[in-house]
Structures are given as C-alpha cells and as structure tokens.
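Read off the chains here:
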Amino acid sequence: MMADRTSGINCRSCAGLEDRRFFALYGSSSAIRVPVHIRMDKERKLIVAGNWKSNKTNSEAVALVSDLIRELAAVKEVDVVVCPAFTALSDVSKLVLGSNIRLGAQNLSDSGYGAFTGEIAPGMLRELSVRYVILGHSERRQFQKEPDALVAKKAANAHANNLIPIVCVGETLAEREAGITEKVVEEQVRGSLAGLTAEQVESTVLAYEPVWAIGTGKTATSAQAQEVHAFIRQVLTSLHGEAVARRVRIQYGGSVKGSNARELLQQPDIDGALVGGASLESKGFVEIIKNAI
Ligand code: 13P
C-alpha cells in the first residue's frame, strides 16, 4: 500500500495500485485530509474518448463540446477525445483548438482522395486537426460487414497520414458463452494490426468492447475486463515484444458511466475508456473523466 509521503498515512484508495506509481499529494492546509492522486505512469497515460456515433446535429455537437471545454479545462492527467459525426467535425474543430480536448473521427477510408463516393480521405480529417480515428467498431463490423483485413488497411492509412487509430475488438455474447472470447479477440487483434510496424502498433490505441456490453447497460466486471486486457497485451507481446506491448494503450468500452469508471480504470491493463451513451451529455462524460483522475 502506498503511503502519504508527508505523514506516512496509508492511502486507502491506492490499495493494490502500487505498480501504477501514483503520487499522493495532499492539500497545503492540514485540514484537508483527502488525497488528490496524479497518475504518474508515464508509459501509458489514460485516454478517455467519447464516441458520439450517429448522434448530435452540428449545433447540438457545438453546444456539447462548449460545455466540455469549460468543465474539463483543468484536466491534464487524462487525454480527452471527442469523436463527433463527420458533419460536426469542422465546427467542433474550431472550438477545441487551443483547449485540452482532442478531436477524433469515427471512420476513415482505406484510400486517399479520388472516386470513392461517400468515403472520407485522411487529408480531409488532417485539415480539421483530427488526431484519432475509431476503426473496426463492432457496429461497423456487424452492419457494414467490415473484416479485419479492411480494418488493418484503414489503420495503415491512418498511420501513414499521422492519424492515431483507435482499433476496436470484442466478442459477442454467443462467443463468450461458447468459451471462445480469447480466440475471437486474438484473431481480431492480429488481423486488424496486420502489416503495421512495431512503431505503428505502439502508438495505436486498442479498445476492448465486448459487444454484449455495448449500449445494453451490462458492463463487464472489472475482473472480466482486466482478464481480456491482459490477454490482449500478451498477444501484443507475441507480435512485437514486451517493450512495445507495455506501451500500447488499451481502452475498455461498453456501458461505461461515472459510477463504474473508477473501478474499471483502476485495473492495471485498462488504460482508458471508449464511451458511447454516457458521452452524449456533458455531466455523464465529465463524471467519467473526473473519476479517472
Ligand atoms: P456504450 O457506452 O453506449 O455502451 O457504447 C460503447 C461504445 O460502443 C463506444 O464505442
């Protein structure tokens, strides 16, 4: 258990988290007995992203991000990302400029400019200062039938254009019940990262999103999530070695909300959250971020 460096009092909220190298800082007044924790794990800074999916008109997105900029202005310990629909990226981009909020998109073409009706080329996102792109979300795997090979092509395209892919993987309920979660997740990780260099994998963000937990209100328990995250890190180790695997940030997604965020994010291999429903109003998203610190 980590001790208060000034008084030697054990800090109960740090129990079991010694390896994450928290520093316990106390307020200057001796009346303040509640520690403030700053995560000092330099290898993996937490990243919490809001996936707004097909929600919010441009004006609604502008209103939401304006609230977030105000509410989260002081947050430095967590990388905060919002991923609005393409139609809102331009206006949201202007608002987040100069703030601590980064911009993500929800998809990317596997090609560049050209005759690809309906596709979004990387240069179009770069001009709007987009940093992240969500790829291989289970909704796209399910409804658009996106296979791992296409996700891998898109991820390579993202890296080639200085965009950071957030690559999603996760099993369905039937797959979990059939006891093949690891097999499914391993196939998705290997297939979706195929062809990427070790350096590209290192800067890729992975998101473990069990399909049965998305939008259902059913969250994986922190133990279930940690188990799969640790397994994904094992797969990454076998692909590119331990040093690379230790640097990859793996988010958890699936009914994350303020009330369960802290326990999930305290797990040693959970490095953030990809949030759907709870990111659609500022109060819920802010609560998750505050609980992550
Ligand atoms: P919910 O948080 O609504 O379950 O969605 C998770 C998700 O799919 C984020 O990408």
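Residues numbered from 1 in each chain as written. Predicted model: local features only at pLDDT ≥ 70, side-chain atom pairs only at ≥ 80, totals over all residues.

Looking now at unusual backbone geometry. At K53, a position not held by glycine, the phi torsion is positive, near 50°. Counting through the fold element by element, K53 comes out in the loop between strand 3 (46-51) and helix 1 (58-71). Positive phi, normally seen in glycine, also occurs at K56, with a value near 80°. If you trace the backbone, K56 turns up in the loop between strand 3 and helix 1. The class for K56 is partly exposed, based on 19 C-beta atoms found within 10 Å. (Helix = DSSP H or I, 4+ residues; strand = E, 2+ residues; numbered from the N terminus. Buried ≥ 20, exposed ≤ 12 C-beta atoms within 10 Å, placed from the backbone.)

Okay, the sheet that holds strand 10 (residues 272-275) next. A barrel is described by the order of its strands in space; here 8 strands give the closed sequence 3-4-5-6-7-8-9-10, paired in parallel fashion. Averaged over all adjacent pairs, the angle separating strand axes in this sheet is 25°, with direction ignored. In the sheet, strand 8 (residues 205-208) pairs with strand 9 (residues 249-253) via 4 bridges, with the strands oriented parallel. The residue of strand 9 that forms the bridge with Y208 is Y252. (Pairing = 2+ DSSP bridges. Axes fitted to C-alpha atoms, helices over the stretch in contact; angles between N-to-C directions.)

Here the focus is the nonpolar core. Ranked by internal contacts, the top residues of the largest apolar core, which has 73 residues, are V48, V133, I166, V167, A273 and I288. Dropping the residues within four chain positions of it, I166 is found in contact with A49, G104, Y132, V133, I134, L135, V205, A207 and L274. (Core = buried A, V, L, I, M, F, W, Y, C linked by C-beta atoms within 7 Å. Contact = placed C-beta atoms within 7 Å.)

Taken together, 14 residues lie around the ligand, and N51, I214, G253, G276 and G277 are the ones closest in. Per-class residue counts for the shell around the ligand are 5 nonpolar, 8 polar and 1 charged. (Near = placed C-beta within 6 Å. Nonpolar A, V, L, I, M, F, W, Y, C, P; charged D, E, K, R; others polar.)

Moving on to the packing of helix 1 against helix 2 (residues 86-96). Orientation of helix 1 relative to helix 2, taken along the N-to-C sense of each, is 25°, at an axis distance of 9 Å. Relative to helix 2, the element helix 1 is oriented roughly parallel. Along this stretch, helix 1 crosses helix 2, giving a crossing that reads as right-handed. Where helix 1 approaches helix 2, its residues N58, A61, V62, V65, S66 and I69 are matched on the opposing element by T87, A88, D91, V92, L95 and V96. In the contact of helix 1 with helix 2, the residues fall into 8 nonpolar, 3 polar and 1 charged. (Parallel < 35°, antiparallel > 145°, perpendicular 65-115°, else oblique. Left-handed = near helix turned anticlockwise from the far one by under 90°.)

Interpretation note: all reported values are geometric properties and have no functional meaning in isolation.
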